[in-house]
Amino acid sequence: MSGVGQSDDGAAVPEAEADGEPPHEAAPLERVEEDEEAPPAAKQPRLEQEGVALDLHMTQTPVDPSVEIHVDQCAAGILEEAGETGIAGETEEVEDVEWHENGDENIVLSQTEEERGRDEPEKDSPVDNSAVQHYEGLNFSQNPQMLTGSWAEYTHTVENYLRGCKWAPDGSCILSNSADNLLRVYNLPPELYSSRWDMLSEMSPVLKMAEGDTIYDYCWFPKMNSLDPDTCFIASSSRDNPVHIWDAFYGDLRASFRPYNHLDELAAAHSLCFSPDGYQLYCGFDKIIRVFQTDRPGRECEERPTMVKKQGQTGIISCIAFSPCKSMYACGSYSRSVGLYSCEDGSLLALLPTRHHGGLTHLLFSPDGNHLYTGGRKDYEILCWDLRDPGKVLFSMRRNVSTNQRIYFDLDQSGRYLLSGDTDGVVSVWDTLTAPPDGNEEILQPMLQFQAHTDCNNGISVHPFMPLVASSSGQRHFCWPSDSEESDSESDEGNVMSSNSIQKDNALVIWWAGPLGSSNERGQLEEPAVLVN
């Protein structure tokens, strides 16, 4: 399965634009999407026109409460799904294998069609995946081990640094964003299921989706399931372009949402987030949220201003997140503010005090919905807010952030461990259960730190149910004048520092953060450096 070709536009963009905050409003520009080649015979026609419904096939499947899903069975189901549906690009027949983990009982990774249908979680349940209830958890009592990654893919373009990574909701693949305006989809290596880690090689993307300009934000459809190709899609927003819906099964453009401002000019969304049920797409703009119905592409949307009669949240809405168990969503803005809103009508529920030193770039609810974690650009703190007492900060976590990039952080499914990278390439792991219960805004110390990259670690994502962590790295580097007075003034190296002298690390890396297997497996893994406080 071939992906979309790489864009020939290699023009550099200013740092502020590359980091998701444009210096001006998007110009009135409408892209015309054209099919470059005929679709494969097996592919159904995709939607690209207004007024045509986007068929999601989000059917409900009853759950048998007597059936328990083991994390290993879920892993097997995803592997089989990838092989059946073709999301793996080149499908392989995978025989029944056994998962050996720390001497545990051998579990045969095979399920019949009847068993998979019985094990499927209920769609309307607040917990999207039943595997969460049987999640074996991450093990940070030992050093995470590097399994594989992708490096060569980001060497074809100069300064092609990554800008984040996100696991698919069903855990079958991972999505990356990079400075060449390409979204890449990687499959989870099948060798992980058979514990044949010595056979792991460098990962290659199975799909590439090219945006026309700097990508501001991107997100997976929350009900994505590899068994149903109609649910495998990604939303992305880029400068001077409408919001695009990409087919994560074939790589083509399925639909477009076209937001217009008060001057009837096309406006680019700065942040994107699907509602938990997947029926709505929330898009962030300057002092306004626009809500599109997922099954109705086009320009029709609901507008929810964040400023009403000069009261409310100001600035560009830079990040959006939904509470997992309450009818509420949170918005962060580049004006350093955080607002809580009702899902029903978009009314402002609470405006949290301004505590960050830079514009908000990422926020995340805890699984129980009681806590909200927020982080900002060039801000050394991740704050934990107690939503049972809005405005109260329980504790803060320190990280080194000296760039305008979004530095993502993520929680595991239990909500216990919070992980974040920093500008120095260090990944920090905090155990939120060790936070002081009285909430005196104390600084929570990390339980583990390790050197994951030699450059800025901007992306971190925890697998939905396996003890795997994905990280991405890279940043824009500027050359500074040389301090040498003896250098030749006519030479380029005499005026500008050579780019070869700058250490770059543009990579997507998969880490194993679970129990180690046999000594043979351990010997095949590269152990990262651990920082000792």
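Residues numbered from 1 in each chain as written. Predicted model: local features only at pLDDT ≥ 70, side-chain atom pairs only at ≥ 80, totals over all residues. Heavy atoms only, no water.

Structural notes on the overall build of the protein
Okay, so step 1: When helices and strands are counted, the protein shows six helices and 33 strands.
Okay, so step 2: Residues counted as buried form 56% of the 533 residues belonging to the protein.
Okay, so step 3: Once local pairs closer than 6 in sequence are excluded, the contacts in the protein between residues at least 24 apart make up 61%.
Okay, so step 4: A total of about 23,200 Å² of accessible surface is found on the protein, and carbon and sulfur atoms cover 46% of it. (Helix = DSSP H or I, 4+ residues; strand = E, 2+ residues; numbered from the N terminus. Buried < 20%, exposed > 50% of the residue type's maximum accessible area, 1.4 Å probe, protein only. Contact = heavy atoms within 4.5 Å. Areas by Shrake-Rupley, 256 points an atom, 1.4 Å probe, with all protein chains shown as cover.)

Let's talk about the sheet that holds strand E25 (residues 392-398)
Okay, so step 1: In space, the five strands of this open sheet follow the order E22-E23-E24-E25-E29, with mixed pairing throughout. The open sheet has two edge strands, strand E22 (360-365) and strand E29 (442-443), and neither has a second partner.
Okay, so step 2: Two strands pair when backbone bridges link them, and strand E24 (residues 381-386) and E25 are joined in this way by six bridges, in the antiparallel orientation. Residue pairing for E25: Ile382 is matched across the bridge by Met397. (Pairing = 2+ DSSP bridges.)

Topic: the packing of aromatic side chains
Okay, so step 1: Tallied over the entire structure, the rule returns 11 aromatic pairs.
Okay, so step 2: Over the ring of Phe285 we find Arg290, and its NZ or CZ is 4.6 Å from the ring centre. (Phe/Tyr/Trp six-rings, centres within 6.5 Å; stacked < 30°, edge-to-face > 60°. Lys NZ or Arg CZ within 6 Å of the ring centre and 35° of its normal.)

As for the sheet that holds strand E11 (residues 253-257)
Okay, so step 1: Strand order in the open sheet made by the four strands is E8-E9-E10-E11, with antiparallel pairing throughout. Single-partner strands in this sheet number two, and they are strand E8 (215-220) and E11. Strand-to-strand twist in this sheet, taken as the mean axis angle between neighbours without regard to direction, amounts to 20°.
Okay, so step 2: With five bridges joining them, E8 and strand E9 (residues 233-238) adopt antiparallel strand pairing. (Axes fitted to C-alpha atoms, helices over the stretch in contact; angles between N-to-C directions.)

Thoughts on the side chain of Ser337
Okay, so step 1: Structurally, Ser337 is set in the loop between strand E19 (328-333) and strand E20 (338-342).
Okay, so step 2: Among the polar contacts listed, one links the side chain of Ser337 to the side chain of Ser335, at a separation of 3.1 Å.
Okay, so step 3: Dropping the residues within four chain positions of it, Ser337 is found in contact with Gln313, Thr314, Cys331, Gly332, Leu351 and Leu360. (Polar contact = N/O pair within 3.5 Å; in protein donor to acceptor, adjacent residues only side chain to side chain.)

What about the pattern of salt bridges?
Okay, so step 1: Under the definition given, this model contains 14 salt bridges.
Okay, so step 2: The salt bridge partner of Asp217 is Lys166, with a shortest N-O separation of 3.9 Å. Remark: Lys166 occurs in strand E4 (residues 162-167) and Asp217 occurs in strand E8; sequence separation between them is 51 residues.
Okay, so step 3: Under the relative-accessibility criterion, Asp217 is labelled buried at 6%.
Okay, so step 4: Here Arg296 and Glu300 are joined by a salt bridge, their closest N and O atoms 2.8 Å apart.
Okay, so step 5: Relative accessible area serves as the criterion here: at 52%, Glu300 is assigned to the exposed category.
Okay, so step 6: Linked by salt bridges that have partners in common, Glu153, Asp180, Arg184 and Lys208 make up one network. (Salt bridge = Lys/Arg side-chain N within 4 Å of Asp/Glu carboxyl O.)

Comments concerning the confidence of the model for the protein
Okay, so step 1: Looking at the protein as a whole, its pLDDT mean stands at 76, while 66% of the residues score no less than 70.
Okay, so step 2: Note that residues 482-500 has pLDDT below 50 and, in this model, 14 contacts with residues that lie over four places away or in other chains. (pLDDT = per-residue confidence, 0-100.)

With respect to the pairing of strand E27 (residues 417-420)
Side-chain positions along a regular strand alternate between the two faces of the sheet.
Okay, so step 1: Every second residue of E27 is oriented toward a common face, with Tyr417 and Leu419 on one face and Leu418 and Ser420 on the other, all of them buried.
Okay, so step 2: Two strands pair when backbone bridges link them, and strand E26 (residues 409-411) and E27 are joined in this way by three bridges, in the antiparallel orientation. The residue bridging Phe409 from the neighbouring strand is Ser420, located in E27.
Okay, so step 3: Hairpin connection of E26 to E27: five residues between the antiparallel strands, including Gly415 at a positive phi of 80°.

Digging into the nonpolar core
Okay, so step 1: The biggest cluster of nonpolar side chains holds 21 residues, and the ones touching the most others in it are Leu147, Trp167, Ile174, Leu188, Leu192, Leu468 and Ile510.
Okay, so step 2: Of all the elements in the fold, those that place two or more residues in this core are E4, helix H4 (191-194), strand E32 (468-473) and strand E33 (508-512).
Okay, so step 3: Judged by nonpolar contacts, the second largest core, of 20 residues, contains Leu183, Val206, Met209 and Ile234. (Core = buried A, V, L, I, M, F, W, Y, C linked by side-chain atoms within 4.5 Å.)

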